[in-house]
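Given next are the chains, with one letter for each unit.
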Amino acid sequence: MTPATRAPTRSRDGRPRRLRDVTPGRRGLVLAWFGFTVTFGLMRLLTWLIHIDVAGVGDVSAGGVHIHHYVWGIVLLLVVGGVGVVERSPRVRSWLGLGYGVGAALIIDEAALLLSLEDVYWDDEGGISIALALIVIGVAGSLLVLTRRPAQDDNE
């Protein structure tokens with residue numbers, strides 16, 4: 001059987017088992033959620049390593065000014081938006097979803113800083129960012145599950 005004629009691999013209850021089995025219209029959403037979740041976790045790990053002074057891990061600075069990771073998130077979202085205005089292919093839309101999730105996580109992870117305009121990342125106030133990110137992960141993940149169509153409709 002050629003890959004084009006092979007039936008999608010599905011679990012016993014009909015759910016897709018691999019990303020390529022997810023409908024193209026939902027793939028970008030799934031990748032956005034996945035990118036957000038993984039990036040948030042990795043940024044929390046990286047910033048904790050910086051906070052405890054692990055050798056070789058440090059802040060990014062330019063001209064003596066610390067560049068917070070929300071800046072990289074804004075740049076990434078600008079790129080994703082610009083490409084999204086021009087490109088319409090399902091494959092690119094999927095990758096744009098991943099980029100969107102990563103960029104959003106970089107921004108949400110520093111939401112407390114953006115709200116208070118002070119570096120409160122490790123203060124009690126910094127918990128706002130964690131709470132907000134966990135809410136986004138939970139709500140978006142739940143919406144992806146709850147809005148999924150039955151297996152027979154997944155073959156777009």
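All residue numbers refer to positions counted from 1 along the written sequence of the respective chain. Under the rules for a predicted model, residues below a pLDDT of 70 receive no local features and side-chain atom pairs below 80 are neither given nor counted, while totals for whole chains, interfaces and linings still include all residues. Hydrogens and waters are ignored; side-chain quantities use all the structure's heavy atoms.

Draft legend 1. Layout of the pattern of salt bridges. Salt bridges, as used here, are contacts in which a Lys or Arg side-chain nitrogen is within 4 Å of a carboxyl oxygen on Asp or Glu. Tallying each qualifying case throughout the model produces two salt bridges. Where D109 meets R44, a salt bridge forms, and the shortest distance between an N and an O atom there is 2.8 Å. In this pair, D109 sits in the loop between α3 (90-108) and α4 (111-116) while R44 sits in helix α1 (residues 24-51), placing the two residues 65 residues apart along the sequence. Residue classification places D109 among the buried residues on the basis of a relative accessible area of 0%. Here a helix means four or more residues in a row that DSSP labels H or I, a strand means two or more in a row labelled E, and each is numbered from the N terminus. Accessibility here uses a 1.4 Å probe with only protein chains present; expressed as a share of the type maximum, an area under 20% marks a residue as buried, one over 50% as exposed, and anything in between as partly exposed.

Draft legend 2. Region of interest: the environment of V139. Its location among the elements puts V139 in helix α5 (residues 127-146). A sequence separation of 106 residues divides V139 from W33, and the C-alpha atoms of the two residues are 10.0 Å apart.

Draft legend 3. A look at the packing of aromatic side chains. Note on ring pairs: Phe, Tyr and Trp rings are taken, using the six-membered ring of Trp, and paired if centres are within 6.5 Å. Classes follow the plane angle, with under 30 degrees stacked, over 60 edge-to-face and the rest tilted. Under the definition given, this model contains one aromatic pair. Seen from their ring centres, Y121 and W122 are 5.1 Å apart, and the 75° between their planes marks the pair as edge-to-face. W122 sits in the partly exposed class, given a relative accessible area of 40%.

Draft legend 4. Structural context of the packing of α1 against α3. For the pair α1 and α3, interaxial distance at closest approach is 7 Å and the crossing angle is 30°. In terms of orientation, α1 lies roughly parallel with respect to α3. At the point where α1 passes α3, the crossing takes the right-handed sense. Across from P24, G25, R27, G28, L31, A32, G35, F36, T39, F40 and M43 in α1, the residues of α3 making contact are P90, R93, S94, G97, L98, Y100, G101, V102, A104, A105, L106 and I108. By residue class, the composition of the contact of α1 with α3 is 14 nonpolar, seven polar and two charged. The angle between two axes is taken between their N-to-C directions and runs from 0 to 180 degrees, where each axis is a line fitted to C-alpha atoms and a helix contributes only its stretch in contact. Small angles under 35 degrees read as roughly parallel and large ones over 145 as roughly antiparallel, with 65 to 115 read as roughly perpendicular and the rest as oblique. In this scheme, a crossing is called left-handed if the near helix is turned counterclockwise away from the far one by less than a right angle; it is called right-handed if the turn is clockwise. Contacts: residue pairs with any heavy atoms within 4.5 Å of one another. Only Asp, Glu, Lys and Arg are considered charged, only Ala, Val, Leu, Ile, Met, Phe, Trp, Tyr, Cys and Pro nonpolar, and every remaining residue, Gly among them, polar.

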